[in-house]
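Chain by chain, the residues:
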Amino acid sequence: MITPGFIAIWFAWLMAGGSPGPATMGIAGTAMNEGRTAGLAFALGICAGSAAWGIAAALGLSAVMLANVWLFEVIRYVGVAYLGWLALKALKRAMTSDDEVALGKPVTGTLPTIFAKGAAIHLTNPKAILSWGSIYAIVAPSDASLPMLLGYFAMLYAGSLMIFIGYAFLFSSARMVRTYRRARRWFDFAFAGFFGVASYKILTVRLS
C-alpha cells in the first residue's frame, strides 16, 4: 500500500492542505486574533467536516470502482487537472508583488460555535468532496476494496490533522505570522512546483 509513489502523493496532499485557502487562512486568522484555543476549535471543526467527506468518498468510490472502471479513470484525470489548477493558482499568487497577504478573518463566538463554523466550511465546500474523490482515484488501484480505501483515508486524514492543527499552533504566534508574510512568495513558488511535478508524473504514468 505504501509505495514511493504514494509517499510523493501524500506530500502533495499535505501541500494542498497547507496552501492558502478558506480553511487554512480562517484557522490562521482565528488563532492570531482570538487565541490558540479558538484556533484549535476552528481547526477541529474543519477536520470533522473533512472526515465526513473522506469517509463518504471512500464508501461511495468503492462501489463506483467495482461497477464503472471508466468512471474511476475519469475521476483519476480530474485529480490530475485539480493538481494542475492548484499549481497555476499558487504560481499566480507567487507572481504578485504584494507581500502583505491578508490572513483570514477571525471566527468568533463560543467554542462550540467556532467548531460548528469550521465543520460547515468543509461540509458546504464542493472542493472537499472533489479532493477526496480525486486523491483516492489517484493513489488506489481500480480494484481497491473498501478496507484498502479506508486505510488510505487513515493515512491521508492523519496528514490533514497535522496541517490544520499545526496551523492553529503556528499562527497563534505573532513571530510565525511575520515569518510567513516575509517568505510567502517562496512558499507559493514551492507549492506551484510541487503541484506541477505531481500532476505531470501522474499523467505520464497513466499514458505510458
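Above this text you will find the structure in question.
Here the structure is a predicted model, which is why all the values come from computation and not from measurement.

Q: Help me understand the overall build of the protein, please; the structure alone is not making it clear to me.
A: A tally of helices and strands in the protein yields 8 helices and 0 strands. Walking the protein from its N terminus toward its C terminus, one meets helices and strands in the order α-α-α-α-α-α-α-α. In the protein, which comprises 208 residues, the proportion classed as buried is 43%. In the protein, of all internal contacts separated by at least 6 residues, the share reaching a separation of at least 24 is 86%. When the accessible surface of the protein is totalled, it reaches about 10,200 Å², and 72% of it is carbon and sulfur.

Q: Looking at this structure, I do not really get the packing of aromatic side chains. What am I missing?
A: Centre-to-centre distance and the angle between the planes together describe a pair of aromatic rings. Enumeration according to the criterion identifies 5 aromatic pairs in this entry. Taking the centre distance of 5.5 Å and the plane angle of 80° together, the rings of Trp10 and Phe11 count as edge-to-face. Taken together, a centroid distance of 5.2 Å and an interplanar angle of 15° make the contact between Phe153 and Tyr157 stacked. Pair noted here: Phe153 and Tyr157 are both in helix H7 (residues 146–170), with a separation of 4 residues, about one helical turn. Residues Phe153 and Tyr157 agree in their burial class; the two are buried. A connected cluster of aromatic rings, assembled from ring pairs, spans Trp13, Trp132, Phe153 and Tyr157.

Q: Can you walk me through the packing of helix H2 (residues 22–34) against H7 in this structure?
A: Each pair of packed helices can be summarised by the angle the axes make with each other and by the distance between the axes. Where H2 meets H7, the axes come as close as 8 Å, and the angle between the chain directions of the two elements is 30°. Here H2 is positioned roughly parallel relative to H7, judged by the angle of their axes. Two packed elements cross with a definite hand, and for H2 against H7 that hand is right-handed. Counting all contacts with H2, which are made through Ala23, Thr24, Met25, Ile27, Ala28 and Ala31, the residues of H7 involved are Phe164, Tyr167 and Ala168. Broken down by class, the residue content of the contact of H2 with H7 amounts to 8 nonpolar, 1 polar and no charged.

Q: Looking at this model, I keep getting lost on the packing of helix H1 (residues 4–18) against H7. Mind explaining?
A: Where H1 meets H7, the closest approach of the two axes is 9 Å, and the angle between their N-to-C directions is 35°. Between H1 and H7 the crossing geometry is right-handed. Of the residues in H7, those in contact with Phe6, Trp10, Trp13, Leu14, Gly17 and Gly18 of H1 are Tyr152, Met155, Leu156, Gly159, Ser160, Met162, Ile163, Phe164 and Tyr167.

Q: Can you walk me through helix H5 (residues 111–123) in this structure?
A: The α-helix advances 3.6 residues per turn, and as a result positions three or four apart in sequence lie on the same side. The first and last C-alpha atoms of H5 sit 18 Å apart over 13 residues, in line with the 18 Å expected at 1.5 Å per residue. Along H5, the residues that are buried comprise Ile114, Gly118, Ala119 and His122. The buried residues of H5 occupy one face: seen down the axis, they fall within an arc of 135°.

Q: How should the side chain of Thr24 be read in this particular structure?
A: Within the fold, Thr24 resides in helix H2. By relative accessible area, Thr24 is classed as buried at 2%. Other than its neighbours up to four places away in sequence, Thr24 contacts Gly17, Gly18, Ser19, Phe164 and Tyr167.

Q: Explain the environment of Ala41 to me, please; I cannot follow it from the model alone.
A: The topology assignment puts Ala41 in helix H3 (residues 36–67). Judged by relative accessible area, Ala41 falls into the buried class, the value being 10%. When the C-alpha positions of Ala41 and Ala116 are compared, they lie 8.8 Å apart, and in sequence the two are 75 residues distant. Other than its neighbours up to four places away in sequence, Ala41 contacts Leu111, Ile114 and Phe115.

Cut-offs used in this document
- Residues numbered from 1 in each chain as written.
- Predicted model: local features only at pLDDT ≥ 70, side-chain atom pairs only at ≥ 80, totals over all residues.
- Heavy atoms only, no water.
- Helix = DSSP H or I, 4+ residues; strand = E, 2+ residues; numbered from the N terminus.
- Buried < 20%, exposed > 50% of the residue type's maximum accessible area, 1.4 Å probe, protein only.
- Contact = heavy atoms within 4.5 Å.
- Areas by Shrake-Rupley, 256 points an atom, 1.4 Å probe, with all protein chains shown as cover.
- Phe/Tyr/Trp six-rings, centres within 6.5 Å; stacked < 30°, edge-to-face > 60°.
- Axes fitted to C-alpha atoms, helices over the stretch in contact; angles between N-to-C directions.
- Parallel < 35°, antiparallel > 145°, perpendicular 65-115°, else oblique.
- Left-handed = near helix turned anticlockwise from the far one by under 90°.
- Nonpolar A, V, L, I, M, F, W, Y, C, P; charged D, E, K, R; others polar.
- Expected span 1.5 Å × (residues − 1).
- Arc of directions from axis to C-beta.

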